[in-house]
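Coordinate inspection notes
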Amino acid sequence: MTYHLILKSGKRIRATANHKFYRIDGWQRLDALSVGDKIATPEKVAVDREMQNNTLSDNELILLAHLLGDGSILEGQPYHYTNEDMENINIVKETAYALFGIEGRVVAQEGWWHVYLTSPYPLTHRKKHPITLWYERLGIERVRSYDKRVPEAVFASNNRGIALFLRHLWATDGSITEQKQRGKRKSITVYYASTSRVLAQQVQSLLLRLGIISTCREVAQKKGDKLYRPSYHVSIQGQENMERFLTQVGSFGKRGASSEAYLEQLSTIKANPNNGCFDKLVWKSHIEPAKTRANLSWRKFCEGLEMSYCGTTLFKSGVSKERMQRISEVLEDNSIHELANATIYWDEIVAIEPHQKEKTYDLTVDEVHNFVANDIIVHNSIEQDADIVMFVYRDDVYREAAEKEKEMKAKAEGKEYENTFQKKLEEDTELIIGKHRNGPTGTVRLLFQKQFTRFVDAPKEGMGGGFEVVYEDENIDTSTQANISLPPI
């Protein structure tokens, strides 16, 4: 069974229940996560150092961006491009001629222009249109607007090529505008719109290559009583991301004419990071242990941050990256410093929905054992390369941890607590066989002898020794099972 995991940013991924994602307190299975949890996604997907040259020329990137945005690529229709900005019309004409020798024919309409890209070959030559051959090479199908997608060759470009592609794509269905909110100063709105969900998510992914974080959301399209196909808006929000977009990308033509003025306006705004904050779990999982190592009280800790001490209220909200960096300076702790400066964006889960049963595959990435899929950080499946996977359960370890947790909680509340935990010389233990390619799974009962640091068979009542195997697979024919013999571990 697979599930759709959907994040606040609009990113989504299909995964099985046992696949792990990284929460602030460590790797967690999907079925252990809940709506509202925050998981790790990259702030930037940095692969530019491996790509020195683009597979597509600048002219190809420019023409492709315009035709994907405002061009007609539907089968059976002539290639043409529509736009209200003459700069865009001219750049399409110029690149089409430079690449394919096509003389674009411009037709004026009310408020916009068409440029028709007729093949330079006479019909008697029976040659395919050069743009058709180009599309075939790039793997582009002539489909309707809601099925458009960015070809893989664009993703094989370096950051300069990606920025050039996005700059010209934004000149089609993108928007960079200034809006005045009621009773507030003017705000800048930056987004790209498409009826293709795939294309919108690809744009979001290309922006991430440049370190620009965005959100992708579905916007209903309704006129009167008639409902049309939804549009998908890739929005860029927050001072830092907007500045990065306007500096690195912007928009070709008149839509990008005010970029300099908008940058100047953004420089006067004080950033207020509401998205990508650390989950409030970070107080217990990282900050409190570091504070203890630094031998500071919570009151002294707050004084170092130049904030008032507010008791347990402090732990009820998340922590912005800027505040985490200040905490790192106060505590002078390496683990907090690494966390504060990690290139991770903590994205919130908004939905976990059942999808369907399907055949799934595992991917192993050696050494790091995690990778980026759909712009989300995911873990290797730990057991895919093993024939047998076993887990050891020691009762004393978990009882001691539980008692310690109760004791710490009581102290935090100002109460007395008597820790009644006592270690045993021989401890009940379970060897859990979680995976077995060529046999049953189940649990083996053992004893752990602490004075010898060894595991031995657990005596079975009425049988004079030996051990018990508890099988979990009800379909196993126990009459034909071979005897299992395990030496002391």
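Before reading on, note that the structure itself is shown above.
Residues numbered from 1 in each chain as written. Predicted model: local features only at pLDDT ≥ 70, side-chain atom pairs only at ≥ 80, totals over all residues. Heavy atoms only, no water.

**Here's the deal with the overall build of the chain**
From N to C terminus, the chain includes 13 helices and 21 strands. Looking at the chain as a whole, 41% of its 489 residues qualify as buried. A separation of at least 24 residues holds for 63% of the contacts in the chain among residues at least 6 apart in sequence. Summing over all exposed atoms, the chain offers an accessible surface of approximately 28700 Å²; the carbon and sulfur share of this is 48%. (Helix = DSSP H or I, 4+ residues; strand = E, 2+ residues; numbered from the N terminus. Buried < 20%, exposed > 50% of the residue type's maximum accessible area, 1.4 Å probe, protein only. Contact = heavy atoms within 4.5 Å. Areas by Shrake-Rupley, 256 points an atom, 1.4 Å probe, with all protein chains shown as cover.)

**So, the environment of G10**
With respect to the secondary-structure elements, G10 resides in the loop between strand 1 (2–7) and strand 2 (12–16). Taking the relative accessible area as the measure of exposure, G10 reaches 11% and is therefore buried. Setting aside anything within four residues of it in sequence, one finds G10 in contact with Q201 and C216.

**Considering the nonpolar core**
Ranked by size, the top nonpolar core spans 57 residues in total, and within it F165, L166 and F245 carry the most contacts. Considering every element that reaches this core, the biggest residue donor is helix 5 (residues 159–173), with eight residues. The contacts of F245, once residues within four sequence positions are left out, are W170, I176, V190, L207, I212, I236 and G250. Formed by 22 residues, the second largest nonpolar core is a distinct cluster that contains A290, W298, F301 and I377. (Core = buried A, V, L, I, M, F, W, Y, C linked by side-chain atoms within 4.5 Å.)

**What about the packing of helix 1 (residues 58–70) against helix 2 (residues 86–100)?**
The description of two packed helices rests on the angle between their axes and on the distance between the axes. The contact between helix 1 and helix 2 brings their axes to 9 Å, and the two run at 130°. What the angle tells us is that helix 1 and helix 2 run oblique. Relative to helix 2, the crossing made by helix 1 is left-handed. Residue-level contacts link N59, E60, I62, L63 and H66 of helix 1 to N88, I91, V92, T95, A96, A98, L99 and F100 of helix 2. The residue inventory of the contact of helix 1 with helix 2, partitioned by class, reads eight nonpolar, four polar and one charged. (Axes fitted to C-alpha atoms, helices over the stretch in contact; angles between N-to-C directions. Parallel < 35°, antiparallel > 145°, perpendicular 65-115°, else oblique. Left-handed = near helix turned anticlockwise from the far one by under 90°. Nonpolar A, V, L, I, M, F, W, Y, C, P; charged D, E, K, R; others polar.)

**Some points on helix 9 (residues 282–293)**
Over its 12 residues, helix 9 runs 16 Å from end to end, which matches the ideal 16 Å to within 8%, given 1.5 Å per residue. Along helix 9, the positions that sit buried rather than exposed are V282, W283, I287, A290 and K291. When helix 9 is viewed along its axis, its buried side chains cluster within an angular range of 110° and face the same direction. The exposed residues of helix 9 that point more than 90 degrees off its buried face are K284, T292 and R293. Residues of helix 9 that are buried make contact with helix 10 (298–304), helix 11 (321–331) and helix 12 (334–340). A positive phi of about 55° marks N295, the residue just after helix 9. (Expected span 1.5 Å × (residues − 1). Arc of directions from axis to C-beta.)

**A few points about the sheet that holds strand 7 (residues 80–83)**
Strand order in the open sheet formed by four strands is 6-7-9-8, and the pairing between neighbours is antiparallel. Where the open sheet ends on each side, the last strands, each with one partner, are strand 6 (71–72) and strand 8 (105–108). Pairing analysis gives four bridges linking strand 8 to strand 9 (residues 113–116), with the strands arranged antiparallel. Looking across to strand 9, one finds that V106 is bridged to V115. Here helix 1 sits on the sheet and contacts strand 6 and strand 7; the angle it forms with strand 7, its principal contact strand, is near 75°. (Pairing = 2+ DSSP bridges.)

**Concerning the environment of V249**
Residue placement: V249 occurs in the loop between helix 7 (239–248) and helix 8 (259–266). In this structure V249 comes out as buried when scored by relative accessible area, which is 3%. For the pair V249 and A163, spaced 86 residues apart in the sequence, the C-alpha separation amounts to 5.3 Å. With near-sequence residues (within four places) excluded, V249 lies in contact with A163, L166, R167, L210, I212 and R244.

**Considerations on the packing of aromatic side chains**
All chains considered together, the criterion is met by 14 aromatic pairs. Aromatic side chains W134 and Y135 sit 5.7 Å apart centroid to centroid with 25° between the ring planes, which places their arrangement in the stacked category. Here the two residues W134 and Y135 agree in accessibility, since each one is buried. Note on W283 and F301: the rings are 6.3 Å apart at their centroids and 80° apart in plane angle, and the pair reads as edge-to-face. Taken together, the positions of W283 in helix 9 and F301 in helix 10 put the pair 18 residues apart, joining distant regions of the chain. (Phe/Tyr/Trp six-rings, centres within 6.5 Å; stacked < 30°, edge-to-face > 60°.)

**Details of the pairing of strand 16 (residues 376–379)**
Alternating residues of strand 16 divide into I376 and V378 and I377 and H379, and every residue in both groups is buried. Sheet analysis places strand 15 (residues 370–373) next to strand 16, joined by four bridges and oriented antiparallel. In the sheet register, N370 faces strand 16, and the bridge partner there is H379.

**Digging into the pairing of strand 5 (residues 38–42)**
Buried residues dominate strand 5, accounting for five of its five residues. Here strand 5 shows a buried face lined by K38, A40 and P42 and a second buried face lined by I39 and T41. For strand 5 and strand 14 (residues 344–354), the ladder comprises five bridges, and the chain directions are antiparallel. Note on strand 14: the bridge partner recorded for T41 is Y345.

**Remarks on the packing of helix 1 against helix 3 (residues 130–138)**
Look at helix 1 against helix 3: their axes get within 13 Å of each other, and the N-to-C directions meet at 95°. In terms of their interaxial angle, helix 1 and helix 3 are classed as roughly perpendicular. Between helix 1, through E60, L63, L64 and L67, and helix 3, the contact on the second element is made entirely by I131, W134, Y135, R137 and L138. A per-class count over the contact of helix 1 with helix 3 returns seven nonpolar, no polar and two charged.

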